[in-house]
Amino acid sequence: MGTPRRRTEGPAKVTGTARYAAEYAVARPLHLHPILATVPRGRVTAIHTTAAEALDGVVAVLTTRDAEALADTADREFAVLQDDEIGFRGQYVAAVLADTSETARHGADLVRVTYDEDPFRARLDPDSGELYAPDSVNPAFATDSVIGDVSSALRDAPVTVDATYRTAMTHNNPMEPHASIVVWEPAGTGGRFTIFDSTQGVSATRRNVATVFGLDPGDVDVISPHVGGGFGSKGNMHANVVLACLAARRVPGRPVTYALTRQQMFSLVGYRTPTVQHVRLGASPDGRLTGLVHDVVEQTSRIKEFAEQTATYSRSVYAAPHRRTTHRLDPLDVPVPSWMRAPGECPGSFAAEVAMDELATACGLDPVELRIRNEPDADPESGKPFSSRHLVECLRRGVERFGWSRRDPTPRARLVDGWWTGTGVAAAAYPANRAPGSGATVRFHAPAAGGEEHWDVEIAAADIGTGARTVLGQIAADALDVDVDTVEVTVGDTAVPAATVAGGSSGTTNWGTAVVDAAQRFREKFGADPSDGDEADGTTPETDAAEHYAMSAFGAHFVEVAVHADTGEIRVPRMLGVFAAGRILNPTTARSQLLGGMTMGLSMALHEDSVMDPRSGHVVNHDLANYHIASCADVGEIDVEWIDEVDPHVNPMGSKGIGEIGIVGAAAAVANAAHHATGVRVRSVPITVDAFLG
């Protein structure tokens, strides 16, 4: 651990031999293409399938009229084709199965559906009379928190900030679309599913499919060794898997292939809710916070609640004796929101960190110094000591690396070749999550004649492009005290011990802990001279560390922005991220993850915006031609660094998660730099040219 190592599966990916979900060779596959609702609320009154069924090559048409009744529809997202009710535009109402994908698509075009439409709402309204407080926010945080007398603190504060911030609806858009190949093999009174799926958790998909179809989990095999990105959208199973399974049950023994189109992904596999965030800060003239309020309004689907934990970022980053955070949901007739990289902390940090920049301006303080002055001695919300916290070191190292001391604090003071230029900073924090539920097997193979010994490590983890195989192999090699090249890691298959989902920056913690446990049990059982075939199992044991410590990764973003004086065009010549995330287990893959998060933060700041037409409940820019993401032209130099630390409380490796900390605060740093460059305070993302042309 701690040494740079290229990804084990890298050669297979670059040579095209790594198989993704829709690429498995299966005999006589059928192809599925769905028909989606064209109204946002109402009910199906008729489905005309005759023309599609008459098309040569069409095998079956599934509709709400004849679909199999599912065993469990408590989760309404999974209640596919179970009734005629329409909850959002883009909901499944039928599907065509055919011998080729072209025929399936043609058949779907021939199906005619009529509806009775009901009144609907599809635009987030912070003043809606339907706003409500959820029971908790993702995954199980308190909806609201109140400490002290915040009203009095704000009233009496000599310096205040009172502003509203907005973040856009955004979609995950991994390069590999959500895709499945499903085979149903009847047997006796039941049967068995084999599912090749693009998922961040094969074990969770197995459980969900078993529940929905009333099966024993052992009758569901899920295989997903390679995943072409997920960013949270593949962390929860979605309705597409249920539809593919329904179709496979209609044609027993024949594989059904379903890969979502890019357009379908904008309706069916989650997205980040837009937010309206009201932040109020009170401080003494020296910049020390006395009161903090972070109130959030965001949307959810009327058919299924998802409450993003947006304000929780403000519960732990800065010291303030009086504080309040709240969440309210607006139930709309829209698709179901879900996880997107750094749920909660990502949009919440935008509002919190821009508000801190505004406070620095109001106090006449350097924004780095303001953050350092508000460094807490313990977690502000719980009072627990931090397991480790090096945010101040990240800020100070960034100041040194970025050349911050040369900064003229005056906004709109530097015009270079027609470009207003400025710099900005933002802090970052993301919780170090750990959960039980993962297992691992370690198995020894004695050397054959002339060969070498080797070790199998098996765990149903997900490698979504993060290099999980590689890092787990390094962890196993250290735990067993063997050469890492003798370790082979198997992931992404329910045939091996179950594992938690790749999400919440918890994968390496949960899976690595199970691997260490298995390795230790192996050595305890077989010592240093095992026999061929010896094996031992391990788990991620329960721990009470979270009861005693507040555990998070931290970081600091430094950004330079240039805004064209005539056109308002915005560019980012430089980005630097400095992070403290426990022991870095593989510098090569860690750098990739941190750069990826920062790039997504840049994309959030400059481009990403899923434009909902409130007249139709339809995301109109539902493809990569119109849904813009960051490109190389948007940034000149981007770099990362980390503080050396080992946190002994989160896991036995001393590491913390790194998949999400890179995006937290990045968009705020861009907005803060834009203010320094132009004097214009931008309180919403994405930042568009009209912000500077007024």
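The structure this text deals with has already been given above.
Residues numbered from 1 in each chain as written. Predicted model: local features only at pLDDT ≥ 70, side-chain atom pairs only at ≥ 80, totals over all residues. Heavy atoms only, no water.

Q: It is not clear to me how the pattern of salt bridges should be interpreted in this structure. Could you clarify?
A: Note on pairing: side chains with opposite charge can pair once their charged atoms come close. Within this structure, the stated rule accounts for 45 salt bridges. Of the charged contacts, one joins Arg-683 and Glu-358 as a salt bridge, the two residues approaching to 2.9 Å between their closest N and O atoms. You can see Arg-683 sitting in the loop between α15 (666-678) and β29 (684-685) and its partner Glu-358 sitting in helix α8 (residues 345-363), a full 325 residues away along the chain. We classify Glu-358 as buried; its relative accessible area is 12%. Of the charged contacts in the structure, one is a salt bridge between Arg-571 and Glu-569, with a shortest N-O distance of 2.9 Å. On the accessibility criterion, Glu-569 (29% relative accessible area) is partly exposed. One connected set of salt bridges, linked through shared partners, spans Arg-41, Arg-121, Glu-130, Arg-302, Asp-330 and Asp-333. (Salt bridge = Lys/Arg side-chain N within 4 Å of Asp/Glu carboxyl O. Helix = DSSP H or I, 4+ residues; strand = E, 2+ residues; numbered from the N terminus. Buried < 20%, exposed > 50% of the residue type's maximum accessible area, 1.4 Å probe, protein only.)

Q: Sorry, what's going on with the environment of Ser-128 here?
A: Relative to the helices and strands, Ser-128 resides in the loop between β6 (112-117) and β7 (136-137). For Ser-128, a relative accessible area of 11% gives the class buried. Each residue touching Ser-128, except ones within four places of it in the same chain, is listed here: Arg-121 and Asp-330. At 3.0 Å, the side chain of Ser-128 forms a polar contact with the backbone nitrogen of Glu-130. (Contact = heavy atoms within 4.5 Å. Polar contact = N/O pair within 3.5 Å; in protein donor to acceptor, adjacent residues only side chain to side chain.)

Q: In this structure, what is going on with the sheet that holds strand β2 (residues 42-48)? I would like to understand it.
A: In sheet architecture, strand pairing relies on hydrogen bonds along the backbone and comes in two forms, parallel and antiparallel. Pairing within the open sheet is antiparallel, and its 3 strands lie in the order β4-β2-β6. Strand pairing shows two members of the sheet lacking a second neighbour, β4 (85-86) and β6, which therefore form its edges. Looking at chain direction, β2 and β4 are connected through 2 bridges and run antiparallel. When the sheet's bridge partners are listed, Gly-42 is paired in β4 with Ile-86. (Pairing = 2+ DSSP bridges.)

Q: Please clarify how the packing of helix α11 (residues 468-480) against helix α12 (residues 507-526) should be interpreted in this entry.
A: Helix-helix packing is characterised by the crossing angle of the two axes and by the distance between the axes. Interhelical geometry of α11 versus α12 gives an angle of 30° and a closest axis separation of 9 Å. Accordingly, the angle class assigned to the pair α11 and α12 is roughly parallel. Here the hand of the crossing between α11 and α12 comes out right-handed. Residues Ala-468, Val-471, Leu-472, Ile-475, Ala-476, Ala-479 and Leu-480 of α11 lie in contact with α12, whose contacting residues are Thr-508, Trp-511, Gly-512, Val-515, Val-516, Ala-519, Phe-522 and Arg-523. Residue composition of the contact of α11 with α12, grouped by class: 12 nonpolar, 2 polar and 1 charged. (Axes fitted to C-alpha atoms, helices over the stretch in contact; angles between N-to-C directions. Parallel < 35°, antiparallel > 145°, perpendicular 65-115°, else oblique. Left-handed = near helix turned anticlockwise from the far one by under 90°. Nonpolar A, V, L, I, M, F, W, Y, C, P; charged D, E, K, R; others polar.)

Q: Just to check I follow, could you spell out the packing of aromatic side chains for this structure?
A: Here a ring pair, both rings aromatic, is described through the centre-centre distance and the interplanar angle of the planes. Per the counting criterion, the structure on display carries 11 aromatic pairs. Summarising the aromatic geometry, the rings of Trp-184 and Phe-193 are spaced 4.7 Å apart at their centres and angled 55° between planes, so their arrangement reads as tilted. Among the residues examined, Phe-193 registers a relative accessible area of 0% and is labelled buried. An aromatic cluster of at least three residues, connected via ring pairs, comprises Phe-444, Trp-455, Phe-522 and Phe-526. Taking the ring centre of Phe-78 as reference, the NZ or CZ of Lys-304 above it sits at 5.3 Å. For the cation-ring pair, Arg-389 lies above Phe-386, with the distance from its terminal atom to the ring centre recorded as 4.7 Å. (Phe/Tyr/Trp six-rings, centres within 6.5 Å; stacked < 30°, edge-to-face > 60°. Lys NZ or Arg CZ within 6 Å of the ring centre and 35° of its normal.)

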